[in-house]
Amino acid sequence: MSSSSLFEDIDVAGLPDDALLDHRKYEHPLVQRYATKEMSAIFSPAMKFTTWRKLWLALAESEKELGLDISAEQLQQMKDNLYNIDFDKADEYESKFRHDVMGHVHAFGDAAPKAMPIIHLGATSCYVGDNTDIVQLKEALKLVKTKLVQTLAILKKFASTHADVPTLGFTHYQPAQLTTVGKRCTLWMQDLLLDYDRVKHELDNLPMRGVKGTTGTQATFLELFDGDHAKVKELNRKVCAKMGFENKCIAVSGQTYTRKIDYHILTLLSGIAQSAYKMCGDVRLLANLKEVEEPFAKNQIGSSAMAYKRNPMRSERCCSLARYIMGLPPGAAATHANQWFERTLDDSAIRRIILPEGFLAVDVVLNLLMNIADGMVVWPKVVEKHVREELPFMATEVILMECVKAGGDRQELHEAIRLHSMDAGKVVKGEGKSNDLLERIAKDPLFVAVHDKLDTLVDPKLFIGRAREQTDEFLEEEIDPILEMEKGLLGKEVVDGVNV
């Protein structure tokens, strides 16, 4: 038998020239593995370039309405060919002109030849580029808003169901005063509620760039309308209104809308990512404690090596994507800060990447949050066990007060509790045994006044403060009004679920 290795003639870092030719192009995992069809469609070439054509039609129709010599036949040809895009022809023109907008102007002109002379009349590239970006951002924000509302609705059910289930609170990740499982959920919801408010604000106030010209002065349009300022102003208003931005035109601009808008939107997305990371981080820690678990499919494999494992992989993926999103705003900040005077083109390439990817990733994060929240499992007996292990220490002040009220010496009782607590702590930490503080107190005659009611003094529900009431009040006063106002969004189907 030959001792030569099978690897002697294998190129470990390469491929034969004729192997796997259809799979040699990098595939972006955000698109190929995670992104939903809904959000992908918003940032797709189909959406982008049909919006360009709609903007050209809105401009031409408005120019005609204000007196320019544009025929109804030209407008009709444009309308008839909004979705008739020959992308190969557009690519050919772009290669010829080295200009993407002019490539699509000529491709549109081929489809609507009578309209060719008036397509893009008076406009600059940013007329279609920037205004389309704003349209896409608006549609993407609407989808994000829908999924935020749906996430809040699902979490409301979880919070309400577990509103009075006592659980250990943690500060510094050390056991602290009790809270409830439902109250902890409201902390996650509070963050998402703040995110909802930000999304709503952006949707209510997002302006369109409109018709501004090459440096924002509208000089070309003023020339087209023979110096009639009123008509130029009305042209801007009409175009914005036709594109769904009634009375929402940005007041002034250079060639582009201010890139601070991009920064605001990416910080909004970062905020959602922060909320998701916080929630899923908590779920991961609770999974380690075996108190709460995310959904786990029947045939799901937690580890290729350790068959018994139930890894919180959805929460981990959510945190991973959230970390990516949180890293995007500095790029937008630097882009805005470096826009010289009326515009420089160094904003273009980065914006093509960070704006779509920020939304694609947030969309996945919200899908994951809904999936996790909808199938999250609480194990009450484990939760109770952990409470019982720590509760004796928390109950010592109540025990002390009860004994003092029965005539005991506060200082003597305090010292006795201190010593019993230290000894019980040594048993827990040194011997790995259960907390026996209550047994020690039950045997000490100093505490005879509470011997017959120790069990009632350590009822966990006596130590949760207003957690139940706070949960109910938060749901009724903060969440329910939003769910009522946005009830039309609750029935909207989420096209893509969580598949991996």
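Since this is a predicted model, take the numbers as computed values, not measurements. (Residues numbered from 1 in each chain as written. Predicted model: local features only at pLDDT ≥ 70, side-chain atom pairs only at ≥ 80, totals over all residues. Heavy atoms only, no water.)

Colleague: I tried to follow the overall build of the protein chain on my own but got confused; where do I start?
Modeller: The helix and strand inventory of the protein chain stands at 20 helices and 4 strands. Its C-alpha atoms give the protein chain a radius of gyration of 32 Å, clearly above 23 Å, the size a compact globule of 500 residues would have. For the C-alpha atoms alone, the extent of the protein chain along its principal axes is close to 105 × 85 × 40 Å. Out of the 500 residues in the protein chain, the part that is buried amounts to 48%. Sequence-distant contacts in the protein chain: of pairs separated by 6 or more residues, those separated by 24 or more amount to 77%. Total accessible area on the protein chain is roughly 26,200 Å²; 53% of this is exposed by carbon and sulfur atoms. Within the protein chain, the 74 negative side-chain charges are centred at a point lying 1 Å from the centre of the 62 positive side-chain charges. (Helix = DSSP H or I, 4+ residues; strand = E, 2+ residues; numbered from the N terminus. Rg over C-alpha atoms; globule rule 2.2 N^0.38 Å. Buried < 20%, exposed > 50% of the residue type's maximum accessible area, 1.4 Å probe, protein only. Contact = heavy atoms within 4.5 Å. Areas by Shrake-Rupley, 256 points an atom, 1.4 Å probe, with all protein chains shown as cover. Lys, Arg positive; Asp, Glu negative; His and termini not counted. Charge placed at Lys NZ, Arg CZ, Asp CG, Glu CD.)

Colleague: Would you take a moment to explain the nonpolar core for this structure?
Modeller: Buried together is how nonpolar side chains tend to be arranged in soluble globular proteins. M39, W56, M78, Y127, V144, M189 and F359 are the most contacted members of the largest nonpolar core, which has 110 residues in total. Ranked by residue count, the leading element in this core is helix α7 (residues 125–161), at 17 residues. In this view, M39 contacts A140, L143, V144, F359, L360 and D363; residues no more than four positions away in its chain are not counted. Membership of the second largest hydrophobic core comes to 22 residues, among which are I399, L413, A416 and I417. (Core = buried A, V, L, I, M, F, W, Y, C linked by side-chain atoms within 4.5 Å.)

Colleague: Whenever I open this one, a negative patch on the surface confuses me. Can you help?
Modeller: A cluster of like negative charges, contributed by D86, D88, D91, E94 and D110, occupies part of the molecular surface. At 3 residues, helix α5 (residues 87–97) tops the list of elements feeding residues into the negative patch. When you line up the elements, D110 lands in helix α6 (residues 100–111). (Patch = residues over 30% accessible without salt bridge, like charges linked within 9 Å, V, L, I, M, F, W, Y side chains within 5 Å. Salt bridge = Lys/Arg side-chain N within 4 Å of Asp/Glu carboxyl O.)

Colleague: What am I meant to see in the packing of aromatic side chains here?
Modeller: Overall, the coordinates contain 7 aromatic pairs when judged by the stated rule. Judged by centre distance (5.9 Å) and plane angle (65°), the ring pair of F49 and F87 falls under edge-to-face. Remark: F87 occurs in helix α5 and F49 occurs in helix α3 (residues 45–65); sequence separation between them is 38 residues. The exposure class of F49 is buried, given its relative accessible area of 14%. Ring geometry for F170 versus Y173: centroids 5.3 Å apart, planes at 40°, classification tilted. The partly exposed category is assigned to Y173, whose relative accessible area is 39%. Grouping aromatic residues by their ring pairs yields a cluster made of F49, W52, W56, F87 and F108. Just above the ring of F245 sits the side chain of K138; from NZ or CZ to the centre is 4.4 Å. (Phe/Tyr/Trp six-rings, centres within 6.5 Å; stacked < 30°, edge-to-face > 60°. Lys NZ or Arg CZ within 6 Å of the ring centre and 35° of its normal.)

Colleague: What exactly am I supposed to notice about the packing of helix α8 (residues 181–205) against helix α11 (residues 260–289) here?
Modeller: When two helices pack together, you describe them by how their axes are tilted relative to each other and by the distance separating the axes. Put simply, α8 and α11 touch, their axes get as near as 10 Å, and they point 170° apart. With respect to their mutual orientation, α8 and α11 come out roughly antiparallel. When you trace α8 past α11, the crossing you get is left-handed. Seen from α8, the contacting residues are R184, W188, D191, L192, D195, R198, V199 and E202; seen from α11, they are H264, I265, T267, L268, G271, I272, S275, K278, M279, D282, V283 and L286. Residues of the contact of α8 with α11, tallied by class, amount to 9 nonpolar, 4 polar and 7 charged. (Axes fitted to C-alpha atoms, helices over the stretch in contact; angles between N-to-C directions. Parallel < 35°, antiparallel > 145°, perpendicular 65-115°, else oblique. Left-handed = near helix turned anticlockwise from the far one by under 90°. Nonpolar A, V, L, I, M, F, W, Y, C, P; charged D, E, K, R; others polar.)

Colleague: Which parts of the structure should I look at to understand helix α16 (residues 410–431)?
Modeller: Helical periodicity: at 3.6 residues per turn, an α-helix aligns residues three or four positions apart in one direction. Taking 1.5 Å per residue as the helical rise, α16 with its 22 residues ought to reach 32 Å, and the 31 Å between its terminal C-alpha atoms agrees with that figure. The set of residues buried in α16 consists of L413, A416, I417, H420, S421, A424, G425 and V427. At the N-terminal boundary of α16, the capping side chain belongs to D409, with an oxygen 2.9 Å from the backbone nitrogen of Q411. Directly beyond the C-terminal end of α16, a positive phi value near 70° is found at G432. (Expected span 1.5 Å × (residues − 1). Polar contact = N/O pair within 3.5 Å; in protein donor to acceptor, adjacent residues only side chain to side chain.)

Colleague: I keep staring at the side chain of H162 and nothing clicks. Help me out?
Modeller: Tracing the backbone shows H162 in the loop between α7 and β1 (166–171). With relative accessibility at 16%, the residue H162 sits in the buried group. Not counting residues within four places of it along the chain, the set of residues in contact with H162 comprises T180, V181, G182 and V378.

Colleague: Looking at this structure, I do not really get α5. What am I missing?
Modeller: Structurally, the start of α5 carries an N-cap: the backbone nitrogen of D88 is 3.2 Å from a side-chain oxygen of D86. Phi for R98, located one or two positions after α5, is positive at around 55°.

Colleague: Help me out: how do you make sense of the confidence of the model for the protein chain in this one?
Modeller: Any segment with low pLDDT has predicted coordinates that should not be analysed in fine detail. Averaged over the protein chain, the pLDDT score is 92; the fraction of residues at 70 or greater is 95%. Within the model, pLDDT remains below 50 along residues 303–309, and this stretch shows 4 contacts once partners closer than five positions in the same chain are excluded. (pLDDT = per-residue confidence, 0-100.)

Colleague: Would you explain the environment of M78 in this entry?
Modeller: With respect to the secondary-structure elements, M78 resides in helix α4 (residues 72–80). According to the relative accessible area criterion, M78 is buried, its value standing at 0%. The sequence separation of M78 and P45 amounts to 33 residues, and the corresponding C-alpha distance is 19 Å. Not counting residues within four places of it along the chain, the set of residues in contact with M78 comprises W56, L57, A60, F108, A112, A115, I118 and I119.

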